[in-house]
Amino acid sequence: MTALKLLLGTKNPDKAKEIQAIFGDSVTLLSGDDHPFADVEEDGDTLEANARKKATEISKETGLAVLSEDTGLEVDFLKGAPGVYSARYAGEEATYQDNVDKLLDALKGESKRQAHFRCVCVVVFPDGQELISAGQLNGQITTNARGRDGFGYDPIFLPDGFSKTLAEVPTSLKNQISHRSKALRAMKAQLDKHMA
Ligand code: IMP
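Computed from a prediction, not measured in an experiment: that's the story for all the values here. (Residues numbered from 1 in each chain as written. Predicted model: local features only at pLDDT ≥ 70, side-chain atom pairs only at ≥ 80, totals over all residues. Heavy atoms only, no water.)

**Remarks on the site of the ligand**
Step number 1: Close contacts around the ligand come from 14 residues, with Lys15, Asp70, Thr71, Asp154 and Lys174 the closest.
Step number 2: Within the contact set of the ligand, a nitrogen atom lies 3.1 Å away from a backbone nitrogen or oxygen of Tyr153.
Step number 3: Arg180 has a polar side-chain atom sitting 3.0 Å from an oxygen atom of the ligand.
Step number 4: When the free accessible area of the ligand is taken as 480 Å², the share hidden by the protein chains comes to 89%.
Step number 5: If you map the ligand onto the pockets, it falls in the largest pocket.
Step number 6: At the level of elements, β3 (66-75) and α5 (179-195) are the ones that each hand at least two residues to the shell around the ligand.
Step number 7: Class assignment of the residues belonging to the shell around the ligand gives a composition of five nonpolar, four polar and five charged. (Near = heavy atom within 4 Å. Polar contact = N/O pair within 3.5 Å; in protein donor to acceptor, adjacent residues only side chain to side chain. Areas by Shrake-Rupley, 256 points an atom, 1.4 Å probe, with all protein chains shown as cover. 1 Å grid on protein atoms, 1.4 Å probe; cavity = no way out; pocket = protein on both sides within 12 Å on 5 of 7 lines; lining within 4 Å. Sits in = over half its atoms within 2 Å of the grid points. Helix = DSSP H or I, 4+ residues; strand = E, 2+ residues; numbered from the N terminus. Nonpolar A, V, L, I, M, F, W, Y, C, P; charged D, E, K, R; others polar.)

This is how it looks when you write it as structure tokens:
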């Protein structure tokens, strides 16, 4: 069986490595370096809308099948915020640290700290067909940041069943349990069916 060619709608090399490891040989991942595309504004109200918009626009521009994903941290006490606005929770130019500080502040003195990361993956084919998958990682927001690995909200996210934050565990372990790996595995299963 020839491998499906899929253009990655992300320019983040760490994500590309993670995605290739999960997809294995059945999918050849193409990069924006070889198939340039314009940045797509992530202005949707939902993770699904953003992932779909990125995959659809990049597929139209390049004529290729495209995989895009969007991720957010949804905090129960904040009714799902920051959610789709996770990257710019503390403002358009916010750093990871600004966002972490704002979230710790919003939960100050609060004992209800349940949250989850949610990742949505969308593949759009040149004929407009679409596949969608999602993955979730449940946990708690800590009261202070711990650990140096990972990125984003990892230092304040304690996955259920773990005593270390996502920034304290090895990346290999994070990649086994993460929202993104669950969504990608679910997408791999759909792609296998699609190609069969
Ligand atoms: P994106 O969809 O990967 O661009 O993620 C949006 C924002 O969510 C990022 O800027 C991070 O703040 C946060 N985020 C996404 N994935 C993770 C993760 O695996 N750990 C911690 N934060 C994440």
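Structure shown, so let's carry the discussion forward.
**Notes on the packing of aromatic side chains**
Step number 1: Under the criterion given, the structure shown has two aromatic pairs.
Step number 2: Between the aromatic rings of Tyr96 and Phe151, the centroid separation amounts to 5.9 Å while the plane-to-plane angle is 50°, which identifies the pairing as tilted. Taken together, the residues Tyr96 in helix α3 (residues 96-106) and Phe151 in the loop between β6 (130-141) and β7 (157-159) connect sequence positions 55 residues apart.
Step number 3: Judged by its relative accessible area of 51%, Tyr96 is exposed.
Step number 4: Owing to a relative accessible area of 38%, Phe151 belongs among the partly exposed residues under this scheme.
Step number 5: A centroid spacing of 4.6 Å and a plane angle of 50° characterise the contact between Phe117 and Phe157, whose relative ring orientation is tilted. One end of the pair, Phe117, is in strand β5 (residues 114-124); the other, Phe157, is in strand β7, and 40 residues separate them in sequence. The residues Phe117 and Phe157 share a single accessibility class, namely buried. (Phe/Tyr/Trp six-rings, centres within 6.5 Å; stacked < 30°, edge-to-face > 60°. Buried < 20%, exposed > 50% of the residue type's maximum accessible area, 1.4 Å probe, protein only.)

**Comments concerning the environment of Thr171**
Step number 1: Take Thr171: it is sitting in helix α4 (residues 171-177).
Step number 2: Its relative accessible area of 46% is what places Thr171 among the partly exposed residues.
Step number 3: For the pair formed by Thr171 and Val123, sequence separation is 48 residues and the distance between their alpha carbons is 25 Å.

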